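Observations on the model geometry
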Amino acid sequence: AEMFNLMTSEQTSEPSLRAVLSYKLDLFLTRPSAKYILLVAAICAGLFLSAAALLPLIAQGRHAIDEGESPDSGQVVLAALWTAWTFMCDPGVHTDAEDAFVRGVGAMITILGILTASTVVALIVEAVNKKVEALTAGSLHIPESGHVVVLGWSAQAVPLIVELCEANESEGGGVIVILAEHVSKRDMEAETASVLTPALLKGTRVLYRHGSPHLLVNLHAIRAHAAKAIVILSEPAIGAGAADSQTLRTVLTLRTLRYPPRGHVVAEVNVSDCEP
């Protein structure tokens, strides 16, 4: 009975506020835009705190200029914000300050400006690196229509590309998109660089993408539904039966696309029992 009561109390107990806040923070930090939101919030908070620290001095200066008249609160706040912003952007603005308090606040704002600039540069570098990685890995979308999609990579890939280029010669060229899972974009480009010369391409562009043909997101990225033909290559290295199972899985994945494929689907099989 005591054990049952203990289990009941543990099941019905509510999570603590700290656990809930930690969970919410973890969910927020997993969002792609969380770092940018935190950066903007940190800049705004530092700017307003710095302006609040400078408000008394700005108010005194305005009061002295106005010869005893009460200063306008709106103008004082704007002046304090502008002063804090200039201190943050240009560390040399407060070098002529004689008041020790102004020098201290100016030094703090300068440090905040350096940290902010460093963070902005780091975010820009990270964004550029992600874009370069996406270009290198071949994960960008291909907004093409009427192209030929080749799913898989094997020894028959290069001869197939050459034949497709010859078929596209009468149309002035075309686009061939290759999606492979077990071969990287760099390896495919390196394997075909010495073979697919401009004379053999005959105006056809060959694009390589890395990803699984069993994932809808990858098929939508290469617009498989808009292709005029889809060729599924087998992977005999994993065994004939397993390769045909993967081919069948790819065909079933194509049938679950949001839009049905427009062109023909040609699949390579190894076992005669798998043929329709």
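What you see is a predicted model; the values in this text were computed from it and never measured.

Chain-level pLDDT for the protein chain is 77 on average; 74% of the residues reach the 70-or-more range. Per-residue pLDDT stays below 50 along residues 6-12; that stretch engages in zero contacts with residues further than four places along the chain or on separate chains. Scored below 50 in pLDDT, residues 62-68 makes nine contacts in the model with residues more than four places away or belonging to other chains.

Before going further, it helps to examine the environment of V175. Summarising the element assignment, V175 is placed in strand β2 (residues 175-180). Those residues in contact with V175 that sit more than four places away from it in its chain are E144, H147, V148, T204, R205 and L207.

What follows covers helix α7 (residues 185-193). Buried within α7 are the following residues: K185, M188 and T192. An end-on view of α7 places all buried positions within 65° of arc, on one side of the element. Opposite its buried face, α7 presents the exposed residues R186, A190 and A193, each directed more than 90 degrees away.

A separate point is the pairing of strand β4 (residues 229-232). Bridge count between strand β1 (residues 148-151) and β4: four bridges; the pairing is parallel. Bridging across to β4, L151 finds its partner in I232. In this sheet, strand β5 (residues 264-267) lies alongside β4 in parallel orientation, the contact comprising four bridges. Paired with I230 across the two strands is V265, which belongs to β5. In this fold, β4 hands off to helix α10 (residues 240-255), which returns the chain to β5; that crossover is right-handed.

An order of β3-β2-β1-β4-β5 is seen for the five strands of this open sheet, with the pairing classed as parallel. Edge positions in the sheet fall to β3 (205-210) and β5, since each of these pairs with one other strand and no more. Between one strand axis and the next, the sheet turns by 15° as a mean value, whatever way the strands run. In this fold α7 packs onto β2 and β3, with an angle of close to 150° to the strand it touches most, β3. Against the sheet, α10 touches β1, β4 and β5, its axis set at about 155° to β4.

With that settled, consider the pattern of salt bridges. Within this structure, the stated rule accounts for five salt bridges. Of the charged contacts in the structure, one is a salt bridge between E171 and K228, with a shortest N-O distance of 3.4 Å. You can see E171 sitting in the loop between α6 (157-168) and β2 and its partner K228 sitting in the loop between α9 (216-221) and β4, a full 57 residues away along the chain. Given a relative accessible area of 56%, E171 falls into the exposed group. The exposure class assigned to K228 is partly exposed, which follows from its relative accessible area of 36%.

Right, let's get into the side chain of T250. Along the polypeptide, T250 turns up in helix α10. Classification of T250 by relative accessible area gives buried; the value is 3%. Contact partners of T250, with chain neighbours within four places excluded, come to L151, P213, H214 and I232.

Next up on the list: unusual backbone geometry. Even without glycine at this site, K202 takes up a positive phi of about 55°. Here K202 lies in the loop between α8 (198-201) and β3. Backbone geometry places R223, a non-glycine residue, at a positive phi of 50°.

Another point: the packing of aromatic side chains. On inspection of all chains with the given rule, the structure shows one aromatic pair. On the basis of an interplanar angle of 70° and a centroid distance of 6.5 Å, the ring pair of W153 and Y208 is categorised as edge-to-face. Here W153 is found in the loop between β1 and α6, whereas its partner Y208 is found in strand β3, with 55 residues between them in sequence. Pair check on accessibility: W153 and Y208 agree, each one buried.

Rules used throughout
Starting from 1, residues in each chain are numbered consecutively following that chain's sequence as written. Totals for whole chains, interfaces and linings use all residues, but because this is a predicted model, local features are given only for residues with pLDDT of at least 70 and pairs of side-chain atoms are given and counted only at 80 or more. Processing note: side-chain calculations cover all non-hydrogen atoms of the structure and skip hydrogens and water entirely. The score called pLDDT rates the predictor's confidence residue by residue, from a low of 0 to a high of 100. Should any heavy atoms of two residues lie within 4.5 Å, those residues are considered in contact. Secondary structure follows DSSP: runs of H or I at least 4 residues long count as helices, runs of E at least 2 residues long count as strands, and numbering of each begins at the N terminus. Summary of the burial criterion: residues with accessible area below 20% of their type's maximum are buried, those above 50% are exposed, and those between are partly exposed, where the area comes from a 1.4 Å probe applied to protein chains only. By arc we mean the arc of the directions from the helix axis to the C-beta atoms, nothing more. When DSSP locates at least two bridges between a pair of strands, those strands are taken to pair. We call a crossover right-handed when, viewed with the strands running away from us, the connection from the first strand over the helix to the second turns clockwise. For every element, the axis is a line fit to its C-alpha atoms; helices are fit only across the contacting stretch, and the angle between N-to-C directions ranges from 0 to 180 degrees. Salt bridge, as used here, is a side-chain nitrogen of Lys or Arg placed within 4 Å of a carboxyl oxygen of Asp or Glu. Stacked, tilted and edge-to-face pairs are distinguished by plane angle, under 30 degrees for stacked and over 60 for edge-to-face with tilted covering the rest, among Phe, Tyr and Trp rings (Trp via its six-membered ring) whose centres lie within 6.5 Å.

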